[in-house]
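Single-letter residue listing:
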Amino acid sequence: MSLQDIILKRKSVRHYDPNYTIERKEILDSIELAAKSPNGNNIQSTRYLLIEDKELRAKVKPLAYNQEQVETSSYLILILGDYRTFHAENIYAIQDKALEKGYFTQETKTYLTNAAIGYYRNMSNQDYLKELVRDGSLAAMALVLILNEKGYQTITMSGYDKAALFEELNIPQHYEDIMLLSVGRGIQEGHSTVRHDIEDITFIDRVPSLLLGNDGNP
Ligand SMILES: Cc1cc2nc3c(=O)[nH]c(=O)nc-3n(C[C@H](O)[C@H](O)[C@H](O)COP(=O)(O)O)c2cc1C
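Report follows, based on the coordinates. None of these values were measured; they are calculated from a predicted model.

Attention shifts here to the pattern of salt bridges. According to the stated counting rule, one finds 10 salt bridges in the structure shown. Asp82 is the salt-bridge partner of Arg84, the closest N and O atoms lying 2.9 Å from each other. On the basis of relative accessible area, Arg84 is assigned to the partly exposed category, the value being 42%. For Asp82, a relative accessible area of 2% translates into the label buried. Lys109 is paired through a salt bridge with Asp96; the nearest N and O atoms lie 2.4 Å apart. Of this pair, Lys109 sits in helix α6 (residues 106–121) while Asp96 sits in helix α5 (residues 88–100), and the two are 13 residues apart along the sequence. Each of Lys162, Glu176 and Asp177 takes part in salt bridges that share partners, so that together they form one network.

And the structure:
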């Protein structure tokens with residue numbers, strides 16, 4: 001299937017065959033591919049928690065507004081961002097590895113390493129969060145497309161209680177949640193959804209100025 005066909009065919013699927021299994025290796029191979037996605041300074045902040053255990057899934061379900069797919073899909077993956085990846089040690093380690101492989105010169109390594117460390121140095125917590133969510137979301141989209149190409153169905157989810165989920169799964173606070181992802185064999189097609197017309201979501205050169213009300217708000 002072409003990329004265009006996969007994009008046009010994909011829909012969020014909420015009902016899965018609970019007896020259908022996918023080999024862990026296939027999920028890991030898919031994640032390995034998704035991890036090739038672009039990411040800020042190549043610090044590779046995205047992590048993937050594969051929630052396989054069915055009893056655990058049953059415990060997670062009420063923390064995700066009882067969404068059926070949390071339990072019935074073949075795999076439930078919690079996509080996370082790791083705040084520790086902004087640390088200089090991580091940046092050095094990644095650039096050292098690339099240098100060892102001969103991907104660039106010592107000079108380029110020094111330049112890239114210093115640029116990355118400088119980029120993150122004075123960021124606010126909100127900036128760090130944005131970095132994690134950008135990188136994790138790009139990887140999540142790639143993973144969704146890869147899994148749909150394999151003939152599986154998927155749904156991305158943000159409908160869960162983060163604090164309760166982190167407590168149940170014992171996740172340390174240096175991780176940020178990006179989203180949950182269910183994957184499996186759908187037993188009911190997702191409903192169709194509309195999208196805005198292209199001219200309503202694109203601007204050329206400048207965004208149109210807003211018409212402000214008397215209170216100064218759009
Ligand atoms: C970040 C994110 C979070 C979402 N969370 C949920 C969710 O918790 N439950 C749900 O049923 N759908 C969820 N969705 C699915 C959206 O409702 C769906 O993508 C949208 O309606 C468009 O439909 P489509 O995916 O079938 O094209 C989420 C989608 C995204 C991207």
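From this point on, the discussion continues.
Taken together, Arg10, Lys11, Ser12, Arg14, Gln67, Ile155, Thr156, Met157, Ser158, Gly159, Thr193 and Arg195 form the complete shell of residues around the ligand. Within the side chain of Arg14, one N or O atom sits 2.7 Å away from an oxygen atom of the ligand. Contact between the ligand and Thr156: a nitrogen atom at 3.2 Å from a main-chain N or O atom of the residue. Coverage of the ligand by the protein amounts to 65% of the 620 Å² it exposes when considered alone. Taken together, the residues that form the shell around the ligand break down as two nonpolar, six polar and four charged.

This next bit is on the sheet that holds strand β3 (residues 75–82). The pairing of strands in a sheet happens through backbone hydrogen bonds and is either parallel or antiparallel. Strand order in the open sheet made by the four strands is β2-β3-β5-β4, with antiparallel pairing throughout. Either end of the sheet is taken by a strand with one partner, and the two such strands are β2 (46–51) and β4 (153–157). Taken pair by pair, the neighbouring strands of this sheet meet at an average axis angle of 25°, ignoring direction. Summarising the sheet, β3 and strand β5 (residues 175–184) pair through eight bridges and their orientation is antiparallel. Bridge pairing in β5 links Tyr75 to Val183. Sheet strands touched by helix α7 (residues 125–149): β2, β3, β4 and β5. Its angle to β5, the strand with the most contacts, is close to 10°. On the sheet, helix α8 (residues 162–169) packs against β2, β3 and β5 and is oriented at approximately 80° with respect to β5.

The residue Thr46 is located in strand β2 in this model. Those residues within four positions of Thr46 in sequence are excluded, and the remaining contacts are Ile79, Leu80, Asp135, Gly136 and Ala139.

Interaxial distance between α5 and α6 falls to 10 Å at its minimum, and their mutual angle equals 160°. Between α5 and α6, the crossing angle belongs to the class labelled roughly antiparallel. Seen from above, α5 lies across α6 with right-handed handedness. Of the residues in α6, those in contact with Ala88, Ile91, Tyr92, Gln95, Asp96 and Leu99 of α5 are Gln106, Lys109, Leu112, Thr113, Ala116, Ile117 and Tyr120. Here the contact of α5 with α6 is composed, by residue class, of eight nonpolar, three polar and two charged.

The rules behind these values
- Starting afresh in each chain, residues are numbered from 1 along the sequence in its written order.
- Under the rules for a predicted model, residues below a pLDDT of 70 receive no local features and side-chain atom pairs below 80 are neither given nor counted, while totals for whole chains, interfaces and linings still include all residues.
- To obtain the side-chain values, all non-hydrogen atoms of the structure were used and water was disregarded.
- Criterion for a salt bridge: a side-chain nitrogen of Lys or Arg within 4 Å of a carboxyl oxygen of Asp or Glu.
- Exposed residues in this analysis have more than 50% of their type's maximum accessible area, buried residues have under 20%, and partly exposed residues fall in between, with area computed by a 1.4 Å probe over protein chains only.
- Starting at the N terminus, helices and strands are each numbered in turn, a helix being any DSSP run of H or I of at least four residues and a strand any DSSP run of E of at least two.
- By convention in this text, a residue qualifies as near a molecule or strand provided that one of its non-hydrogen atoms is within 4 Å of it.
- A 3.5 Å cut-off defines polar contacts: any pair of N or O atoms within that distance qualifies, except that in protein one atom must be a possible hydrogen donor and the other a possible acceptor, and neighbouring residues in sequence count only when both atoms are side-chain atoms.
- Note on areas: Shrake-Rupley, 1.4 Å probe, and residue coverage restricted to the protein chains presented here.
- Classification convention: Asp, Glu, Lys, Arg as charged; Ala, Val, Leu, Ile, Met, Phe, Trp, Tyr, Cys, Pro as nonpolar; all other residues, Gly among them, as polar.
- One requirement defines pairing of two strands: DSSP has to find at least two bridges between them.
- Note on method: axes are straight lines fitted to C-alpha atoms, helices fitted across the in-contact stretch only, with angles between N-to-C directions ranging 0 to 180 degrees.
- A contact between two residues is defined here by any heavy atoms of the two lying within 4.5 Å.
- Our angle categories are set so that under 35 degrees counts as roughly parallel, over 145 as roughly antiparallel, 65 to 115 as roughly perpendicular, and the remainder as oblique.
- Each helix crossing is assigned a hand: it is left-handed if the near helix lies turned anticlockwise from the far helix by less than a right angle, otherwise right-handed if that turn is clockwise.

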